[in-house]
Amino acid sequence: MKVLTIGSMNIDHVYSVDHIVQPGETLTTGGMNIFLGGKGINQSMALAKAGAEVYHSGMIGEDGKMFLDACKKYGVNSDFIRIIDEKTGHTVIQVDKNAQNCILLYGGANQCLSEEFVDDVLSNFEKDDILLLQNEVNLLPYIIDKAYEKGMQIALNPSPFDDKLLACNLSKISIFLLNEIEGWQISGEKEPDAILDTLQKLYPKAKIVLTLGKDGAVYAYENERLKQPIFEVKAVDTTAAGDTFTGYFLAGLIDKMPVADILRMSAKASSIAVTRNGAVESIPYRDEVENELKYSE
Ligand code: RIB
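An account of the accompanying structure is given in this report. Note that the structure is predicted; figures quoted are calculated from it, not measured. (Residues numbered from 1 in each chain as written. Predicted model: local features only at pLDDT ≥ 70, side-chain atom pairs only at ≥ 80, totals over all residues. Heavy atoms only, no water.)

On to the environment of phenylalanine 245, then. For phenylalanine 245, the position within the fold is in helix α7 (residues 241–254). The spatial distance from the C-alpha of phenylalanine 245 to the C-alpha of alanine 269 is 6.7 Å, given a sequence separation of 24 residues. Residues within four places of phenylalanine 245 in sequence aside, it is in contact with Val209, Thr211, Ala217, Leu263, Ser266, Ala267 and Ser270. (Helix = DSSP H or I, 4+ residues; strand = E, 2+ residues; numbered from the N terminus. Contact = heavy atoms within 4.5 Å.)

Here it is as structure tokens:
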């Protein structure tokens, strides 16, 4: 079973700050680093590092060719990445002294997908292959409809949430992976159980993974609900923690692991990622995750 991500690639400009800058304030930063990121490619990398066969598709400009090198380095197939005459997407990320971040996102080439490009990419995949999506590229409603017609299983991380997602037919989604803010935005509910109750009523056939920050994660499918606490660590940068969880979770499903074990592995992988700076580079390999799990409660 193959996994295709049609998703973003961003050059992350990451600034260390004392606190997140306030309206009207000018704030001098500490260190500045440039990292490879974007929710799409982060999740593809997490899948690959977890051992899955993954194909990444999306668009970059000439200034983004380092993503092709990274795909090669980490084992992501990059045949469906197109270089176009546009700037690669980029972000400005502030990371504060508590490792919390905030992100400004410029879509650039990520917003230039065409229907012809999507059709061409999807023609290389088959029924039951998995399509993984986030909300950092254009044409999501079209991509979802076309992949569903082919019988692909569609996993959606509805992040960042905005009105464009409301144009998507979410009943075509097989797996939702979302945080509690996105859960609230979709369901109108704030409590985790209420979010899950509403989502399960709306999308009864979907598997749902709700991440809850320091409170861990909950998995819901039919009558089953499983909780997974976090592994406590000293975080330095939480960027890509959710992407790591998503990639590892899907990799575990592909391996047909018991869901409780998948949740544990995904939580451990995220806990390692937050101890490192950056996005793509911070995601651990499967053997490291499994090794650390042996020594964890
Ligand atoms: O989820 C983290 C990612 O969100 C960052 O790498 C940044 O590019 C934004 O897309």
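Looking now at the pattern of salt bridges. Tallied over the entire structure, the rule returns 12 salt bridges. Its salt-bridge partner being aspartate 128, residue lysine 127 comes within 3.9 Å of it at the nearest N-O pair. Looking at aspartate 128, the relative accessible area reads 39%, which means it is partly exposed. Its salt-bridge partner being arginine 225, residue aspartate 197 comes within 2.7 Å of it at the nearest N-O pair. Residue aspartate 197 is located in helix α6 (residues 192–202), and its partner arginine 225 is located in strand β13 (residues 224–228); the two are separated by 28 residues in the primary sequence. Residue class for aspartate 197 comes out partly exposed when judged on its relative accessible area of 37%. Connected through shared salt-bridge partners, Asp193, Asp197 and Arg225 make up one network. (Salt bridge = Lys/Arg side-chain N within 4 Å of Asp/Glu carboxyl O. Buried < 20%, exposed > 50% of the residue type's maximum accessible area, 1.4 Å probe, protein only.)

Moving on: the site of the ligand. In the vicinity of the ligand, 13 residues are found, and the nearest of them are Asp12, Gly38, Lys39, Glu136 and Asp243. A distance of 2.9 Å separates an oxygen atom of the ligand from a polar backbone atom of glycine 38. Protein chains bury 96% of the 280 Å² of accessible surface belonging to the ligand in isolation. Of all the secondary structure elements, the ones that give two or more residues to the shell around the ligand are β2 (10–16) and α1 (39–49). (Near = heavy atom within 4 Å. Polar contact = N/O pair within 3.5 Å; in protein donor to acceptor, adjacent residues only side chain to side chain. Areas by Shrake-Rupley, 256 points an atom, 1.4 Å probe, with all protein chains shown as cover.)

Attention now goes to the nonpolar core. In terms of nonpolar packing, the biggest core is built from 45 residues, with Met45, Leu47, Tyr248 and Phe249 touching the most fellow members. If you tally residues by element for this core, the top one is helix α8 (residues 259–273), at 7 residues. Counting 42 residues, the second largest nonpolar core, distinct from the first, contains Tyr142, Ile144, Ile195 and Leu196. (Core = buried A, V, L, I, M, F, W, Y, C linked by side-chain atoms within 4.5 Å.)

Their axes nearest at 11 Å, the elements helix α3 (residues 115–122) and helix α4 (residues 140–150) cross at an angle of 30 degrees. Compared by their axis directions, α3 and α4 come out roughly parallel. In the crossing of α3 with α4, the sense of the turn from one axis to the other is right-handed. Across the interface between the two elements, Glu115, Val118, Asp119 and Leu122 of α3 pack against Tyr142, Ile143, Lys146, Ala147 and Lys150 of α4. Among the residues forming the contact of α3 with α4, the class breakdown is 5 nonpolar, no polar and 4 charged. (Axes fitted to C-alpha atoms, helices over the stretch in contact; angles between N-to-C directions. Parallel < 35°, antiparallel > 145°, perpendicular 65-115°, else oblique. Left-handed = near helix turned anticlockwise from the far one by under 90°. Nonpolar A, V, L, I, M, F, W, Y, C, P; charged D, E, K, R; others polar.)

A contiguous patch of negative charge, built from Glu180, Glu189, Glu191 and Asp215, is present on the exposed surface. Note on placement: glutamate 191 falls in the loop between α5 (180–187) and α6. (Patch = residues over 30% accessible without salt bridge, like charges linked within 9 Å, V, L, I, M, F, W, Y side chains within 5 Å. Lys, Arg positive; Asp, Glu negative; His and termini not counted. Charge placed at Lys NZ, Arg CZ, Asp CG, Glu CD.)

Take the packing of aromatic side chains next. How two aromatic rings sit relative to each other is given by the distance of their centres and the angle of their planes. In total, this model carries 6 aromatic pairs according to the counting rule given. Relative to phenylalanine 125, the ring of tyrosine 55 has its centre 5.3 Å away and its plane inclined at 85 degrees; by these criteria the two rings are edge-to-face. Of this pair, tyrosine 55 sits in strand β4 (residues 54–60) while phenylalanine 125 is found in the loop between α3 and β8 (130–133), placing the two residues 70 residues apart along the sequence. As far as burial versus exposure is concerned, tyrosine 55 and phenylalanine 125 are alike and both buried. Here the aromatic cluster, defined as three or more aromatic residues joined through ring pairs, consists of Tyr55, Phe80 and Phe125. In this arrangement the basic side chain of lysine 49 is found over the ring face of tyrosine 285, its NZ or CZ atom lying 5.3 Å from the centre. When the ring centre of tyrosine 221 is taken as origin, the NZ or CZ atom of lysine 207, which lies over that ring, is 4.9 Å away. (Phe/Tyr/Trp six-rings, centres within 6.5 Å; stacked < 30°, edge-to-face > 60°. Lys NZ or Arg CZ within 6 Å of the ring centre and 35° of its normal.)

We now examine the environment of glycine 216. Within the secondary structure, glycine 216 is located in the loop between β11 (207–211) and β12 (217–221). Here glycine 216 falls in the buried class, since its relative accessible area comes to 7%. The sequence separation of glycine 216 and leucine 132 amounts to 84 residues, and the corresponding C-alpha distance is 22 Å. Setting aside residues no more than four positions away along its own chain, glycine 216 makes contact with Leu210, Thr211, Gln228, Pro229 and Ile230.

That is the geometry; function is a separate question.
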